[in-house]
Structure formats: structure tokens, C-alpha cells
Amino acid sequence: MDPHRTFNAPPPARVRLPAGAALVTAWALLTGGCANPGPKQPVYAAAALPVFHRQDTLWLERVTFGIDAESVGELHRLGRERYLDRQLRGPAPAFPAPVAAELANLVAARPEPAQVLADLPTEYKRINAMPDGAGKEQARKALNEAGGKLANQAIRELLLRAVYSPSQLDEQVVWFWLNHFSVHQYKANLRWLVGDYADRAIRPHALGHFKDLVLATLEHPAMLQYLDNNQNAAGHINENYARELMELHTLGVHGGYTQQDVQQLARVLTGVGIGTGSAPKLKREWQNLYRRDGAFEFNPARHDFGDKVLLGHTIKGRGFEEVDEAVSLIVRQPACARFISRELARYFVADDPPQRLVDRMTQTFMRSDGDIAQLLREMLLAPELDAALGGKFKDPMRFVVSSVRFAYDGRTISNTRPMLNWLNGLGEAPFGRATPDGYPLTELAWASSGQMSRRFEIARAIGSGSAGLFDAEDDTPPGGGGGFPQLSNRLYYEAVEPFLGAGAKAALAHANSQQEWNTFLLASPDFNYE
Amino acid sequence: MKRRHALQLGFAALLGAAHPEAGLFAAPPAGPRFLLVFLRGGYDSTNFLIPYASDFYYESRPNIAIARPDPASTTSALALNGDWALAPAVRETIGALYLKRQAAFIPFAGTDDLSRSHFETQDSIELGQPSGAARNYRSGFLGRLAQTLGGTAPQADPIAFTDALPLAFEGTSSVPNLSLKNIGKAPFDERQARILSDMYAGHHLETAVRDGLDLRQEVAQKIAQEMLSASRSAVNGKGFELEAERMARLMRDKYRVGFVDVGGWDTHVGEGASQGALAANLASLGRGLQVFAQTLGTEWDNTVVVVISEFGRTFRENGNRGTDHGHGSVYWVLGGSVRGGTVAGEQRSVSRANLLQDRDFPVLNDYRAVLGGLFRSLWGLSAIQCDAVFPQIRPLDLKLI
């Protein structure tokens, strides 16, 4: 069966046409027959104009969360280098209006961490004081649900941005850093805080300087609770965060630090914690050293003021300035530049990235004082990336987001819960990694036999119906907007079909329905590798 | 079928190459099976294995203690010896296995991780690495076990009956994982599965794709068999029992090292006593494991099941008729050939003075030493192999296998 003939309906009018005269001309050439109803053969087949190179599609798959008509059009218009510069330094993204409105609502509905952390203990106390029974259970449940709702809203914001932001690279990098500085929503009060963590600690610094990113996560109450530094005080050392800060966040496990360094850094970090309510009463000489910013607190009364020796350098005991000095020292280590470069390259380039590329990125990191945008530019324009295109297995997040971007290009989904369900099913829910190491970046962790069959099931779920993506987000009855997507759309014929492998082509040719065709395409190696 | 045949041939060839003495015609030996059941949430082992001789137990749990065994009642706790009794909720299931000497319990078991944090402790147990050292999240003890076994004989065939691959299985390549909890019929018919498989012909994921689709079909078929044999009383299509029957069918036919986790044990509030939340969960678990044993049939003699949890709970009940995070737990060892009918391992009398931090049970039997000892007996591991699974641990021989 020839899928072209069977399923190539005329492109629906709702597909947004990318701007740009050259492109419009190209589209016009390609789709010239579309004004006439129902051409049996796709018109482009007659137009012998090579529109897009396979490498460009694959490159775009890497830079974005998955191609859509807009990104394809823009890359077409600008070329890789200018496209990338726009992604790195471009203007703030314009979301589709309904998404922009929803994002604004989500942010407006989010409470301030300082307020949450001040209120919650009181609330718990109130509930604990209630007499045992149904009322108490109900109050406890209501409080839990409020926290769960906030975490879900944070995930909703993340997914809407991933699907609809024109700043696709930024969104991918935000996801990368959220995973690099991973926090788990089910620890302590984190469900109330993860939205703020993404928007205030990660997002503003995602393309900035690495040191600022480290400091922003260090000071955020989500991280302070997740890795217990809020319990780290002089005489009551908790090394958890100090260790992970070097092992997972900056230097890497073989980054040249010792257990001694972990202990010393933990001493530097004493007193860095969470403050709510009024400032503590402090000795006069400490009053100037006290810091408070939102829920972040540096409390000199909990700080170890002795001198420390970290990575061979003496840090004079003097308060929070030590933390700044220690972080500066750590991020200037060549080990840090190498570790961060390698991690980025593992996510964007290859599971085992070429050493030459990592070396160049390491140099760029050191030369630019950890300028993440420069690092990305170096990496994404590198010939090593070009050589590695087509070989990176999409992790569940990339798989799910790219599927939705592709299947519902030009439409605005209203409900992200199906996406979260799919991510849960595939084991990569946002803020769902229990361990501080974040989700794995390599194929090995995602392509086990069980995971492949699960992925195919989800491919079927996405390809066979709208799965509730167009239902209202609250629990009102489904509002319709159903029907399966048309993956054999113009985007497919322009940017995907010309480069399909023989396996996928054969499978698509055997499809008995549009739903089956969609499923096979989403399950194909061609769609699952980028 | 064809593929399995090919697999066996492959194994035989591998064996022949690595161990000429094994002979080319050696069929996969009837090696042992091992299933690890992880009770996530820290189950209240003190109301499972009840220290009924201790007055302190009854003082500490005025609302949730389980009454002393009553020889006149078949629904009371089952006395195992002079110190311990088994929860009535599992009397008919795990208790019956104990009486057949197919079950043993190890109190004061657990880890030296004192964080009393679910995640911390679950992780450290699943990783099974030396305490104090930096953690490698890419290396779990079942992964190391599978690798160790796979290096010498085709006995490993691991499987995780979970949605995601558990940390315990990290570090070995391609462990099939499939949760059997809410599994429906096969999503693809044979034609579709073949088309999907063919799409990956020649691709390096070819095997994973085919295995995954096959396993999914296999499971679907087993579910269909269940439907057909629905008259049998064992299958009533509920929760863990159903899951356990499916696990047993898969392990009987193919898999040798299994992992499953069961949740719902974090009983801070309204735990209940001989009846209630914990009892219901224990009863379901007990029935499931009984079904597991029955379904394996004669292969039950070749199988060992170990039930563990990240920690025990506070010895005293809290203000909400529940219990909070504690330390020492009770592990179970079940199997047709287990030398059961015993409460094993180092023990202390149950008294306030013997509590850890006046709060919970101490750990006298380190889980790595316990499991290492079991693995050693089960597969005849050498000291080097034991050390590969649980580095720097002296395996404990509890003489259960």
C-alpha cells in the first residue's frame, strides 16, 4: 500500500506557515496544487527541488525538542549559524496566545517559597493537634493534594514550554540543567517548591555563566532541602550537599577532590540554609554577616568560622563570602570545565562524545569563565556533531515532546496530563528522579527490551487518538477535540519522508490505517534517533 | 520458539567456547531461581514477626499490638518458637510454608544506613556497595550478580517486574523489565509486532525490540491462559496475587533472577493490628507468594524468594496509632528447598535496653552479608565472585540453603 496515496490529505489550513519570502516561495512551489481539492499524488514529487538536507533535519532535531513547521521554516530561512545565534541570544519567545495566557496563570498561581515554608509547619502543627479521625485525615489529605497540584503545575509549565517555546534550545538546556541539578518532588516540601526552582534557579541562568547557575541552585530552598544543607551547621556537619556539589554538579566523581575536600567544603557551607519569619537574634559582630533572600538564609550563628583548606587553597573563615570563594575555586578547576563539557556533549552530541570536541569545549569553558552559550555554540556548530547526527537515541522526554510537536503541529493542546502519563510510563517524569544524579543521558538506560515495547505502546497511544490532550485540564468532562493526528502531513513529506530508511518505509507501506501508520512512524528507528 | 532455540544454541556455543569441559551439547542446567521482593516504604516487621514473649512489646503498642497466640484459635498469631509469633494475616499462607519448613525469618536484619530516609536507604540497599564510599549509581547488586553469573553459566537471565529498571539492576546490559501490575492485552497483534520488529532488522536494537515485543506477547498469552483456567481458585484477578502468578509463569519458563517491588508499607497513621491496613497488605503479599510457589510447581524446589524492606519501624506506636521510620527489619527467606521452619541469624531479647537509640531494632544481620551468603550457597559462588557482588563483605552462612 502506498501511504502517499492513501493518507496524504491536503495539508490542513491550520498549519502555520512560517514567515520568510524565500520559504513561502518554496512552500508555494511544493504545495502549489493544494488549492485544488484532493490531488492524488503529492505535488512535491513533481517538483524536483531538494528542499532540505537530511543533516539539517537531524541537526534541527538536536537543537530543538523536535522539528515542527516553524523551526523547519526558520532554519531554512536563516541557515544553521544564524538560527543558532537567534536561539542563543534572540528575543524573548512569543508563545501561541493561549499558551502564553496559561503560562502566565501558572506563574501567578504559584506561592512564594518563603511564604510556603513559613506556613507549612504551622499548618502541619494545626493538623497534628486535631483529634484523630476523619477530619484530621481529610485535612492531611487536602494539604498533600495542594502540594501535589503545585508540582503538577510546575510540570505542566515545563511541558507547555517544551512543546511551544520558539526558544527550543533554551528549553532543552533548561531540561538538561534541571536534570543536572536534579531535585525530587517527593522529598520534604519540594512539591511546593519545584516550580520556583525551575523558573528562578535554573531558567534565568540556563544560557548564562555556569557559576551563577551553581550559586542559584545552592541558594534555592528546593536544593537546600533536597540535599540537606539546611541541616548543615557548625558541630553538626551534614556532608550530603557538599559531596554532591563536587561529585554530581561540578567536578565529577573522579574530579580530583578528596574526602578531606568534601569535609572542608561542608564546613564552608555551614549556616547556609532556609529562613522563615523574622531574622534570628544575633551577636553584634554577626549581624552584618547575616543574609536573607526569599527563603534563603545564611545564619552566622550556625557557621563554622575557622579557616578551611579546599583543593589546596586556604579559605579564610569569614562568613558567606567563603561560599562564593569556594564555588569560584571549584568552577575554575579544569576538571569542572571538562566534566560540564562532557555532560553537555553526552546529552547533545553522543553517548560517548568525541574527545577532541570535549577538549575544545573545555578550552572554551575555561577561556570564557564558563559561558554556557559559548559552549553550546562551539558544540552545535562542530563538525563532530555533524558526524554524529542520526546516532543519538531520544530519551523519553525528547520522544514524548517531539511526538507531540510533530503530531499536533499548529494546534494547541490544553491538557498535559497524557504527556506526564507517558513520561511516567517511560520512567522519566520531571522532578521524578529519586536520586540526586539525575536521569541517565545515554541510550543504555532507556532502550531495554521492556522499555522499547513500552515505547511502542506509547507510540500507539499518541498515534491512535488525541488521548485527552485536548480535554480541559481540570476534571470537567472531555470536551471533544478528539480524533487521531495526521502524521503524514506536509512537515513529514518535506523534512522526514525523503530520508526515511528502508525499514521504516516498508513498515509504513504495510500500514492498514492512518493510526497504524502514525504508530509505525513514531516507533521507527528514524523517529527515535536524532 | 525459533528464537529461544537459537538463544540456547548461542549459549551452548558460548559455554563450549568458555568451558570446553561443559560440552557443546550441555542444555542449560536446571539452575536455581531467585526472586527479590522489595517492600518499599519500610514495613512494620514488628507486627509481622511478633515478639510475643516481651511484655515491653505490649506496653509499647497499647492500640496496635497483636494479641498473644491462642492455641484455641486458628485466627490468632502463629507461635513459631518461644519468642516469636507470626502475624495472623499470613498464618494461612506464609505460616503454612513455615510449618512445611519452606520459610525462615531473619530478624534484626537491615543496613548500617542510619538516615532512616526511604530514598537514602532504598538506594543504599539496592546499590549494595561498601558503606562510606562514594556511591556509584550505575552499579546495583543484582546487576553485579547477573553479570557474575552470566560470566560463568547461562543462569542469569534477569528480569525486573517493574515499570523502570530498579537501581538494583543497574550496571548490566539489557535487563528486560515489565510491570505485570496493570497489564492489558497485547497492544499489537502478531502482524503489527512483526512489522515493528522487522523495522529494526539489522539495527543494534534488533534484539531488544524483538525481546520486548516477544515478552509482551508472552505475557499477554499467559494472561489469556489465566482467563481460560479461571476456574482454579488461585486466580481471582486481584492485586499482587495476579502479579505473582504471572511472575511465576515467566520465571518457571525462562527467567532466573527476578525483582519486584510492593508498595504501601509506610504506616505512619492507623496501622491497625491483627486487622487493618498493614494486615490487609501483608495478607495480600502472603497470598501472592503462596500463589507464586504453587504456580512454580516442582520448580518451587529450585527457587528462593527473599523479602526485604529498607528499614523497620519504631518499636513504640506513635500518636496516630501508627509507627514511624525505624531501623532493623525482618527479612523472609522462602523456597521449596530452603531449610526453613526457623528464625535465623543473630538475635537479642526484645527489651527497651536492647533498642537502638531507644527507638527501634538494631541491625545485627547486615543485608549484604545475609544475601551474599544466600547467593554463595545458591550458585556456589567463589569468594572472588561474592566480592564482586558485595565488595568487602564477609558472607554470612545462615545454613538456610
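Let us look at the structure shown here. No experiment lies behind these values; they were computed from the predicted model shown. (Residues numbered from 1 in each chain as written. Chains lettered and ligands numbered in written order. Predicted model: local features only at pLDDT ≥ 70, side-chain atom pairs only at ≥ 80, totals over all residues. Heavy atoms only, no water.)

**A word on the interface of chain A and chain B**
Logical step 1: Contacts between the two partners involve 39 residues from chain A, matched on the other side by 32 residues from chain B.
Logical step 2: Here chain A packs against chain B, burying approximately 3,200 Å² in sum over the two surfaces, 59% of which is carbon and sulfur.
Logical step 3: In this assembly, chain A and chain B are joined by three salt bridges.
Logical step 4: Glu 516 of chain A is the salt-bridge partner of Arg 191 of chain B, the closest N and O atoms lying 2.6 Å from each other.
Logical step 5: Where chain A touches chain B, the interface holds eight residue pairs in polar contact (both at pLDDT 80 or more).
Logical step 6: No other element matches the nine residues that helix α22 (residues 449-464) of chain A contributes to the side of chain A that touches chain B.
Logical step 7: Among the residues making up the side of chain A that touches chain B, the classes are represented as 14 nonpolar, 13 polar and twelve charged. (Contact = heavy atoms within 4.5 Å. Buried area = accessible area lost by both parts, 1.4 Å probe. Salt bridge = Lys/Arg side-chain N within 4 Å of Asp/Glu carboxyl O. Polar contact = N/O pair within 3.5 Å; in protein donor to acceptor, adjacent residues only side chain to side chain. Helix = DSSP H or I, 4+ residues; strand = E, 2+ residues; numbered from the N terminus. Nonpolar A, V, L, I, M, F, W, Y, C, P; charged D, E, K, R; others polar.)

**Some points on unusual backbone geometry**
Logical step 1: Despite not being glycine, Ala 467 of chain A shows a phi value in the positive range, around 60 degrees.
Logical step 2: By the secondary structure assignment, Ala 467 of chain A is in the loop between α22 and α23 (490-496).
Logical step 3: A positive phi is found at Phe 108 of chain B, a non-glycine position, where the angle reads about 55 degrees.
Logical step 4: Position of Phe 108 of chain B among the secondary structure elements: in strand β5 (residues 103-110).
Logical step 5: Under the relative-accessibility criterion, Phe 108 of chain B is labelled buried at 2%. (Buried < 20%, exposed > 50% of the residue type's maximum accessible area, 1.4 Å probe, protein only.)

**Focus on the packing of helix α16 (residues 334-348) of chain A against helix α17 (residues 355-367) of chain A**
Each pair of packed helices gets described by two things: the angle between the helix axes and the distance between those axes.
All names here are of chain A.
Logical step 1: Orientation of α16 relative to α17, taken along the N-to-C sense of each, is 125 degrees, at an axis distance of 8 Å. Regarding the angle of α16 to α17, the classification is oblique. Between α16 and α17 lies a crossing whose hand is right-handed. Of the residues in α17, those touching α16 at Pro 334, Cys 336, Ala 337, Arg 338, Ile 340, Ser 341, Arg 342, Leu 344 and Ala 345 are Gln 355, Val 358, Met 361, Thr 362, Phe 365 and Met 366.
Logical step 2: Classifying every residue of the contact of α16 with α17 by side-chain character gives ten nonpolar, three polar and two charged. (Axes fitted to C-alpha atoms, helices over the stretch in contact; angles between N-to-C directions. Parallel < 35°, antiparallel > 145°, perpendicular 65-115°, else oblique. Left-handed = near helix turned anticlockwise from the far one by under 90°.)

**Some details on the sheet that holds strand β3 (residues 78-79) of chain B**
All names here are of chain B.
Logical step 1: Read across the sheet, three strands follow the order β2-β4-β3 without closing on themselves; strand pairing throughout is antiparallel. In the strand order of this sheet, the two ends are held by β2 (49-50) and β3, each with one partner.
Logical step 2: Of the strand pairs in this sheet, β3 and strand β4 (residues 85-86) are connected by two bridges, and their pairing is antiparallel. When the sheet's bridge partners are listed, Ala 79 is paired in β4 with Ala 85. (Pairing = 2+ DSSP bridges.)

**So, the pairing of strand β8 (residues 303-309) of chain B**
Residues and elements named next belong to chain B.
Logical step 1: Buried residues dominate β8, accounting for seven of its seven residues.
Logical step 2: Side chains Thr 303, Val 305, Val 307 and Ser 309 of β8 all project onto a buried face; the interleaved residues Val 304, Val 306 and Ile 308 project onto the opposite face, where all are buried too.
Logical step 3: Relative to β8, strand β1 (residues 33-39) runs parallel, the two being bridged by seven bridges. Each bridged residue has a counterpart across the sheet, and for Phe 38 the counterpart in β8 is Ile 308.
Logical step 4: Bridging between β8 and strand β9 (residues 329-334) involves three bridges; their strand directions are antiparallel.

**Concerning the pairing of strand β7 (residues 257-262) of chain B**
All names here are of chain B.
Logical step 1: Where burial is concerned, most of β7 is hidden: six out of the six residues are buried.
Logical step 2: Covered by surrounding structure in β7 are Val 257, Phe 259 and Asp 261 together with Gly 258, Val 260 and Val 262, the residues of both alternating faces.
Logical step 3: Strand direction decides the pairing type here: β1 and β7, joined by six bridges, are parallel. Residue Leu 39 lies in a different strand from β7, and its bridge partner there is Val 262.

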